[in-house]
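Observations on the model geometry
Each chain, letter by letter, is given below.
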Amino acid sequence: MIRRPMDAGLEQFRVPRGQVFIVPNRCKDCQFCMEFCPQDVLERSDDLNAKGYHYAVVAAGKEDSCVNCQFCNLVCPEFAIFSEEVTEVGSASH
């Protein structure tokens, strides 16, 4: 067995990207998604939903920062938020 540095070959790995989807009227402003997001993608909205709560939104400038860890899915007690992986579209050849 040949020993190699742990970071050798990292160029072959891509960082996953996700897109966050929020259902504002389900949110009850618990802020768990904001607290547990490792990339600080989310922030509290200034607006209120139909129930009178401030809801989570993607922070300005953080639209491409989600790594699709899905912590927001796991911690939201109201099922108001989820993320999906964004796949890169390769160049099409004609």
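Above this text is the structure in question.
These notes cover the structure that comes with them. As the structure is a computational prediction, the values presented were derived from the model and not from experiment. (Residues numbered from 1 in each chain as written. Predicted model: local features only at pLDDT ≥ 70, side-chain atom pairs only at ≥ 80, totals over all residues. Heavy atoms only, no water.)

**Observations regarding the nonpolar core**
- Judged by nonpolar contacts, the single largest core of 14 residues is most densely connected at Val20, Cys33, Met34, Val41, Leu42 and Ile81.
- Those elements that provide at least two residues to this core are α1 (32–36) and β3 (54–58).
- Ignoring anything within four residues of it in the chain, the contact list for Met34 reads Leu42, Glu43, Arg44 and Ala56. (Core = buried A, V, L, I, M, F, W, Y, C linked by side-chain atoms within 4.5 Å. Buried < 20%, exposed > 50% of the residue type's maximum accessible area, 1.4 Å probe, protein only. Helix = DSSP H or I, 4+ residues; strand = E, 2+ residues; numbered from the N terminus. Contact = heavy atoms within 4.5 Å.)

**Some points on the pattern of salt bridges**
- Scanning the entire structure with this criterion turns up 2 salt bridges.
- Between Asp64 and Arg17 there is a salt bridge; the shortest N-O distance is 3.1 Å. Of this pair, Asp64 sits in the loop between β3 and α2 (71–75) while Arg17 sits in the segment before β1 (18–22), placing them 47 residues apart in sequence. (Salt bridge = Lys/Arg side-chain N within 4 Å of Asp/Glu carboxyl O.)

**Some remarks on unusual backbone geometry**
- A positive phi is found at Asp29, a non-glycine position, where the angle reads about 60°.
- Its location among the elements puts Asp29 in the loop between β1 and α1.
- We note that Asn68 has phi near 55°; this positive angle belongs to a residue other than glycine.
- For Asn68, the location among the structural elements is in the loop between β3 and α2.

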